[in-house]
Amino acid sequence: MLNLETRNELCKYAKKIVDSGLVVGPGGNISARAGDKMYLSPSGFALEEIEPEQWIEVDIPTGDITDIGLRPSSEVLMHLYGYRSNPDIGAMVHTHPSHCIAFTLVERELPVMFPDQAALVGRTAYIPYIIPTTDLLADAVAAKVTTASSILLGNHGLVTTGRNLREAYYRTQVVEESAKIYLSAKAAGTLVPLTEQEVDDIAALESEDYRIQLLQKMK
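In this text, all values refer to a predicted model and were calculated from it rather than measured experimentally. (Residues numbered from 1 in each chain as written. Predicted model: local features only at pLDDT ≥ 70, side-chain atom pairs only at ≥ 80, totals over all residues. Heavy atoms only, no water.)

**Structural notes on the overall build of the protein**
As a reminder of what qualifies: Numbering of helices and strands starts at the N terminus; helices are DSSP runs of H or I of at least 4 residues and strands are runs of E of at least 2. All radius of gyration figures rest on C-alpha atoms, and the globule criterion is 2.2 Å times the number of residues raised to 0.38. Think of it in three bands: with a 1.4 Å probe and only protein chains considered, a residue is buried below 20% of the maximum accessible area for its type, exposed above 50%, and partly exposed in between. Should any heavy atoms of two residues lie within 4.5 Å, those residues are considered in contact. All accessibility values rest on the Shrake-Rupley procedure with a 1.4 Å probe; residue burial counts only the protein chains present in the view. Two residue types count as positive, namely Lys and Arg, and two as negative, namely Asp and Glu; His and chain ends fall outside the count. A single reference atom marks each charge: NZ on Lys, CZ on Arg, CG on Asp, CD on Glu.
For the protein, the helix and strand inventory stands at eight helices and seven strands. Relative to the globule expectation of 17 Å for 219 residues, the C-alpha radius of gyration of the protein, 17 Å, shows essentially globular dimensions. Judged by the C-alpha coordinates and their principal axes, the protein covers about 55 × 35 × 30 Å. Per-residue burial over the protein gives 49% buried out of 219 residues. Sequence-distant contacts, at least 24 apart, represent 66% of the contacts inside the protein between residues at least 6 apart. Of the roughly 10300 Å² of accessible surface on the protein, 51% is carried by carbon and sulfur atoms. Charged side chains in the protein number 19 positive and 29 negative. The centres of these two groups are separated by 2 Å.

Set out below in structure tokens:
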């Protein structure tokens, strides 16, 4: 079985996603890149049910799917187009976090409100509702992944990317927490987000060291 390490990492983070309540039932799909291949969750499985050998291998340049008797996630095009659009992406995580979905029902632009959000996620992109599983949604996501690591999907959920599954997963957690904080703060009173300058100041810090230290703390 090829790329066992990647497959095991997918199983590990699939379980984390479910344990964190970021999906319900068979919702959501995740993938990771290994060279010219991506490994994607199969259709019809809850994420925590997937065994290492069941992740679907897809050739990124051609779109050819290795036949193992299972179908890839219905969002296969979204992942495939994302990897083609941005070669620096090593993993994609698509979830249905409740606070993120609630946020998209009332707002579009998620402000940056605290330093960890600025450092790990930065500014979050937004795509208005597009019917899931279509090439229209895949095209819309592919157009955003070159400039944003986190994309809110109106009335649908969240897509995050990273150099690896760990980074994409923690971005998912931070965006969901950010949406929760936003909704709570708006309900309580007037929201005071970080200013553009304050966000830029955090980005201008020893940003890579900051992110690495933060991720180490979140292990």
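**Details of the layout of surface pockets**
Basically, it comes down to this: Using only the protein atoms, space was sampled on a 1 Å grid; points where a 1.4 Å probe fits but cannot get out form cavities, open sets with protein on both sides within 12 Å along at least five of seven lines form pockets, and lining residues are those with an atom within 4 Å of a point. Grid points are joined across faces, edges and corners, and a volume is the space filled by probe spheres set on the points. Throughout, the ten residues Ala, Val, Leu, Ile, Met, Phe, Trp, Tyr, Cys and Pro are labelled nonpolar, Asp, Glu, Lys and Arg are labelled charged, and all others, Gly among them, are labelled polar.
Put simply, the second largest pocket is a space of about 200 Å³. Along the walls of the second largest pocket sit 17 residues, with Pro26, Gly28, Asn29, Ser73 and Ser74 positioned nearest its centre. Grouping the constituent residues of the lining of the second largest pocket by class yields five nonpolar, 11 polar and one charged.

**What to know about the pattern of salt bridges**
Keep this limit in mind: By convention in these notes, a salt bridge is any Lys or Arg side-chain nitrogen within 4 Å of a carboxyl oxygen on Asp or Glu.
In this structure the tally under the stated criterion is six salt bridges. Of the charged contacts in the structure, one is a salt bridge between aspartate 19 and lysine 15, with a shortest N-O distance of 2.8 Å. Taken as a pair, aspartate 19 and lysine 15 lie in helix H1 (residues 4-19) at a separation of four residues, close to a single helical turn. Between arginine 123 and aspartate 200 there is a salt bridge, with its nearest N and O atoms 3.3 Å apart. Within this pair, whereas arginine 123 is found in the loop between helix H4 (115-120) and strand S5 (125-127), its partner aspartate 200 is found in helix H7 (residues 196-203), the two being separated by 77 residues in sequence. According to the relative accessible area criterion, arginine 123 is partly exposed, its value standing at 42%.

**Here we look at the packing of helix H3 (residues 98-106) against helix H6 (residues 165-188)**
For the record, the criterion: For helices, the axis comes from a line fit to the C-alpha atoms of the stretch in contact; other axes are also lines fit to C-alpha atoms, and the angle between any two N-to-C directions lies between 0 and 180 degrees. Working definition: roughly parallel below 35 degrees, roughly antiparallel above 145 degrees, roughly perpendicular at 65 to 115 degrees, and oblique for all remaining angles. Take the far helix as your reference; a near helix turned counterclockwise from it by less than a right angle gives a left-handed crossing, and one turned clockwise gives a right-handed crossing.
As a packed pair, H3 and H6 sit with axes 8 Å apart at the nearest point and diverge in direction by 50°. Comparing their axes, H6 and H3 come out oblique. In this structure, H3 meets H6 at a crossing whose hand is left-handed. Of H6, the residues touching H3 (which contributes Ser98, His99, Cys100, Ala102, Phe103 and Val106) are Val175, Glu176, Ala179, Lys180, Tyr182 and Leu183. Class assignment of the residues belonging to the contact of H3 with H6 gives a composition of eight nonpolar, two polar and two charged.

**Things to note about the UniProt feature "domain: Class II aldolase/adducin N-terminal" (unreviewed entry) in the protein**
Note the threshold: UniProt positions are given in the numbering used here, feature names are shortened, and annotations may be inferred rather than shown by experiment.
Cross-referencing UniProt, the feature "domain: Class II aldolase/adducin N-terminal" (unreviewed entry) maps to residues 8-183 in the present numbering. The span residues 8-183 carries 38% helix and 18% strand; its end-to-end C-alpha distance comes to 36 Å.

**Section: the sheet that holds strand S2 (residues 37-40)**
Where we set the bar: Between any two strands, at least two bridges found by DSSP are needed for them to pair.
In spatial order, the strands read S3-S2-S1-S4-S7-S6-S5; together these seven strands make up an open sheet with mixed pairing. Two strands close off the open sheet at either side, each with one partner strand: strand S3 (56-59) and S5. Ignoring strand direction, the axes of neighbouring strands in this sheet form an average angle of 20°. Pairing geometry for S5 and strand S6 (residues 150-153), over three bridges, is parallel. The residue of S6 that forms the bridge with tyrosine 126 is leucine 152. Contacts from H1 reach strand S1 (29-34), S2, S3 and strand S4 (91-95) within the one sheet, and its direction differs from that of S1 by about 155°. Contacts between H3 and the sheet are confined to S5, S6 and strand S7 (157-162), with S6 contributing the most and set at about 65° to the helix.

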